[in-house]
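Tertiary structure, described
Spelled out, the chains give:
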Amino acid sequence: MYLEKVKNELRDKRAGVNYHIPKHWMPCGYKGRVCFDGVRFKVDPYEFFEEMLNDLDAYSFSVKSDSIYVAFPRTTSAYNHKGFGLFEPEDPLGYRESGTFLKMMAVALHAKRMHFDTMYLLPVSMHSDRFKKGTVGSPYAVSDPLRIADYLADPLLDLSAEELFGAFVEFCHRIGMRVILDFVPRTGARDSDLILEHPEWFYWVDVASVGKYAPPKAPELGFRQLSDEDMAYLYQRQDVRNFLSCFRWSPSHTEPEKWDNFVKANRGKDFLPELVKTFGVITPPGFSDWLNDPQPTWDDVTFYRLFLDHPDVAKPFVGDDQPPYVLFDVIKASRFPGSKPNGELWDYLSGIIAYYIERFDIDGARIDMGHALPKELEQRMMEKALKMKPDFMLIAEELNPEGDVRAKESNYGAIIGNSWWMLPRREKIVELFTDSTKSVLPLWAAVETPDTPRIFGRLPYHEALQRLVMSAFLPNSYFVVNAGLELLEKQPMNLGLDATLDDKWVLPRDDEFYGKLSFFDHYALHWDSEKDLTYIIGKLNRLRVTHYDAMAKICSTEPLMVKHKGAMFVWNNTEKPISYTEAPLLCVGTAVLDTLQTDGVALFKHE
């Protein structure tokens, strides 16, 4: 339905051959007008996309590589289409250089050519640009969960972002790929579109307290997640009582008539500055549920108020006269629930994934901060999804491999795990392989994620390549590639995990994206890079189709030898070279003919 609309829009429209695209986006056997300058192609955009959509049979083959290509549409499909000067989100030729779902179809073809069977997208919902940390807002500062971000539409077509997203999903299904989305049900933007109609779904603080707003610290307890006893200790501290005094009742509760008039006057407007001026309150920033976490407050998001009462653990210390507040126990509602669910909010949140299944037929979801949701709410969300689509893929944001049992009991089909932390550390690799065979759920085999440093930014080329090959043959896993890895991208997207501020400055100073993080700034991948790994990653996926065994057995740890289907994966983690006589199916790190040197990796046929 949606894809047919795109075809109708493209039909009979033509422009000049002045739209530059990366060579990686060019479909096989393209019949349209084209120029190639040795680096990139120049096409008529209407002709290019029409030809691409009309010739999908070559890509409709089915592969089951159990591999996931992770994309952030605003960045992954961004490109300098005018072909000169610097990247511009909207260029003088009228082209949208920032990402769109029309261009994401070309990216999906690129991923399919590398034999990925799943596209995983970071949040695509409308987000806020207020309290932004760079030039644009974070995709996680969601202002309207049920609306696709407007900027993901493409001005080439007179179609909405919703229609183009629907077409993208249909396109992926046509070429045999699943689509998984990242959802954010624990937090919303601090100026969320939901505030005007549902102010009681949010927490509020005196605007005068914002400058000093920060979670309480208790250095004597260390960096930790908290127990009932810890919370009892914290509630008796004066600094915690001072922190709670910043909170206020919802303005609809304190001044209902004034609030009603405010809502009527501010629908469809940028209402937050006027709200602050009128009522003297504002939604507070979010923060980690770990005590003494060194990371700063999350200034662009705020927590949803999941319970109408205080956490049960807090009731001996906090009276009914205390306005609703945010503290470590409130955030970790799975561990510290209240007794009175915010029913209307739960109904709304539990229907978001179901809405995307019903309207767009998506195939899976990762639930951001699902570990902090009340179990009943988490289950309601998942049960609705699985009832509508029994094979719906649910991925837990569980970074601790020991959380696999809980995740399985909660109906998740996979966990993120910690391979992104283990694989860059040589001394942790054998432990990762050993632990993966014990997990009750498959985990992500990823050398990097959108939240971590890039593997080619933190390790030398050959080491990074070896770790990538290792990740493809990790037992009991999904092989996960973060878009840009195939281009040897070095610049991280975010500094959320295992990163330092130094990781922000890995590009040369003369690079136009020096110091830019794509979560918070416009950014285009280095699609025109001289070197790329598309062939190698494609070969890894083809080998996975033929030989990968999720139940692979570890035969030895020194050297590491893992038995897959008709093949043996070997990492020489010893100090002596390993000789071999049979030609390997794949080898990285052979310095001498027929010898696997220290730290070399290879896959051999093995019955």
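Residues numbered from 1 in each chain as written. Predicted model: local features only at pLDDT ≥ 70, side-chain atom pairs only at ≥ 80, totals over all residues. Heavy atoms only, no water.

1. As for the packing of helix H4 (residues 101–113) against helix H5 (residues 161–174)
At their nearest, the axes of H4 and H5 sit 9 Å apart, and the two run at 15° to each other. Considering the angle they form, H4 stands roughly parallel to H5. Here H4 and H5 pass one another in a crossing that is right-handed. Residues Phe101, Leu102, Met104, Met105, Ala108 and Leu109 of H4 touch H5, and the partners they reach there are Ala161, Leu164, Phe165, Ala167, Phe168, Phe171 and Cys172. (Axes fitted to C-alpha atoms, helices over the stretch in contact; angles between N-to-C directions. Helix = DSSP H or I, 4+ residues; strand = E, 2+ residues; numbered from the N terminus. Parallel < 35°, antiparallel > 145°, perpendicular 65-115°, else oblique. Left-handed = near helix turned anticlockwise from the far one by under 90°. Contact = heavy atoms within 4.5 Å.)

2. Digging into the layout of surface pockets
The volume enclosed by the second largest pocket comes to roughly 340 Å³. For the lining of the second largest pocket, the residue count by class is 13 nonpolar, three polar and six charged. (1 Å grid on protein atoms, 1.4 Å probe; cavity = no way out; pocket = protein on both sides within 12 Å on 5 of 7 lines; lining within 4 Å. Points joined across faces, edges and corners; volume = space filled by probe spheres on them. Nonpolar A, V, L, I, M, F, W, Y, C, P; charged D, E, K, R; others polar.)

3. Quick word on empty space enclosed by the protein
The rolling of a water-molecule-sized probe over the atoms marks out the regions of remaining empty space. Applying the stated criterion to the full structure yields five cavities of 30 Å³ or more. Quantified by volume, the largest cavity comes out at close to 100 Å³. Taken together, 13 residues line the largest cavity, and the ones lying closest to its centre are Ser125, Asp182, Phe183, Val184 and Ile352. The set of elements that each furnish at least two residues to the lining of the largest cavity consists of strand E7 (142–148), strand E8 (178–183) and helix H13 (352–360). The element best represented in the lining of the largest cavity is E8, accounting for three residues. Class assignment for the residues of the lining of the largest cavity results in 11 nonpolar, one polar and one charged. Here the second largest cavity defines a volume of roughly 60 Å³. Looking at the lining of the second largest cavity, its residues break down into six nonpolar, one polar and three charged.

4. A short note on helix H1 (residues 2–10)
Regarding H1, the residues found buried are Tyr2, Leu3, Val6, Lys7, Glu9 and Leu10. All buried residues of H1 fall inside an arc of 160° around its axis, so they share one side. The inward-facing, buried residues of H1 abut helix H2 (45–54), H4, H5 and H13. (Buried < 20%, exposed > 50% of the residue type's maximum accessible area, 1.4 Å probe, protein only. Arc of directions from axis to C-beta.)

5. Topic: the sheet that holds strand E2 (residues 34–36)
Pairing is antiparallel in the open sheet, where three strands are placed in the order E1-E3-E2. In the strand order of this sheet, the two ends are held by strand E1 (19–22) and E2, each with one partner. Direction aside, neighbouring strands of the sheet carry axes that sit 30° apart on average. Where E1 lies against strand E3 (residues 40–43), four bridges are found, and the strand directions are antiparallel. Paired with His20 across the strands is Lys42, a residue of E3. (Pairing = 2+ DSSP bridges.)

6. With respect to the packing of H2 against H4
The N-to-C vectors of H2 and H4 enclose an angle of 50°; their axes lie 11 Å apart at closest approach. If you check the angle between H2 and H4, you find them oblique. Read as a crossing pair, H2 and H4 show a hand that is left-handed. Of the residues in H4, those touching H2 at Phe49, Met52 and Leu53 are Leu102, Lys103, Met105, Ala106 and Leu109. Looking at side-chain class alone, the contact of H2 with H4 contains seven nonpolar, no polar and one charged residues.

7. Things to note about the nonpolar core
For soluble globular proteins, nonpolar side chains are generally found buried alongside one another. Membership of the largest hydrophobic core comes to 181 residues, with the highest contact counts inside it found for Met119, Phe165 and Phe168. Of the residues forming this core, the biggest block, nine residues, is contributed by H4. Beyond its immediate stretch of four places on either side in the chain, Phe168 contacts Phe101, Met104, Met105, Ala108, Met119, Leu121 and Val179. If you look at the next biggest cluster of nonpolar residues, it comprises 22 residues, including Val70, Ile416, Trp444 and Leu517. (Core = buried A, V, L, I, M, F, W, Y, C linked by side-chain atoms within 4.5 Å.)

8. Remarks on the side chain of Ser250
Relative to the assigned elements, Ser250 resides in the loop between strand E11 (247–248) and helix H8 (251–254). By relative accessible area, Ser250 is classed as buried at 9%. Discounting residues that sit within four places of it in the chain, Ser250 has contacts with Pro199, Glu200 and Trp204.

9. So, the pattern of salt bridges
Counting across every chain of the model gives 37 salt bridges. For Glu50, the salt bridge is made with Arg14, and the minimal N-O distance between the two is 2.8 Å. Highlighted residues: Glu50 in helix H2 and Arg14 in the loop between H1 and E1, separated in sequence by 36 residues. Of the residues examined, Arg14 reaches a relative accessible area of 42% and is grouped as partly exposed. Residues participating in the shared-partner salt-bridge network are Asp182, Arg366, Asp368 and Glu397. (Salt bridge = Lys/Arg side-chain N within 4 Å of Asp/Glu carboxyl O.)

10. Some words on the sheet that holds strand E10 (residues 204–206)
Read from one edge to the other, the open sheet built from three strands follows the order E11-E10-E12, with strand pairing classed as antiparallel. At either margin of the open sheet sits one strand with a lone partner, and together these are E11 and strand E12 (281–282). The sheet contact formed by E10 and E12 spans two bridges and is antiparallel. Bridging across to E12, Asp206 finds its partner in Val281.

11. Observations concerning the environment of Val562
With respect to the helices, strands and loops of the structure, Val562 is situated in strand E20 (residues 560–564). Considering only alpha carbons, one finds Val562 and Asp498, 64 residues apart in sequence, at a separation of 28 Å. The contacts of Val562, once residues within four sequence positions are left out, are Phe433, Pro475, Ala552, Lys553, Ile554, Ala567, Met568 and Phe569.

12. A word on the state of the cysteines
By definition, a disulfide links two cysteine residues through a covalent bond between their sulfur atoms. Tallied over the entire structure, the rule returns zero disulfides. Counting only cysteine sulfurs, Cys28 is the nearest neighbor of Cys172, a cysteine outside any disulfide, at a range of 17 Å. A relative accessible area of 0% means that Cys172 is categorised as buried. The structure places no disulfide on Cys555, whose sulfur is separated from the nearest cysteine sulfur, that of Cys587, by 18 Å. (Disulfide = S-S within 2.5 Å.)

13. Quick look at the pairing of E8
Of all the six residues making up E8, five are buried; the element is thus mostly covered by neighbouring parts of the structure. Inspection of the sheet shows strand E5 (residues 118–121) paired to E8 by four bridges, in the parallel sense. Of the residues in E8, the one forming a bridge with Tyr120 is Ile180. As paired strands, E8 and strand E14 (residues 364–367) are joined by four bridges and run parallel to one another. Bridge pairing links Phe183 to Ile367 in E14.

14. Side note on the packing of aromatic side chains
Using the criterion set out here, one finds 46 aromatic pairs in the structure. Note on Phe72 and Phe519: the rings are 6.1 Å apart at their centroids and 70° apart in plane angle, and the pair reads as edge-to-face. Of this pair, Phe72 sits in the loop between strand E4 (67–71) and helix H3 (73–76) while Phe519 sits in the loop between strand E18 (477–482) and helix H20 (534–547), placing them 447 residues apart in sequence. Both residues of the pair, Phe72 and Phe519, belong to the buried class. Aromatic rings pair up to connect Tyr2, Phe101, Phe165, Phe168, Phe183, Tyr355, Tyr356 and Phe360 into one cluster. Sitting over the face of the ring of Phe84, Lys82 holds its NZ or CZ atom 5.9 Å from the ring centroid. (Phe/Tyr/Trp six-rings, centres within 6.5 Å; stacked < 30°, edge-to-face > 60°. Lys NZ or Arg CZ within 6 Å of the ring centre and 35° of its normal.)

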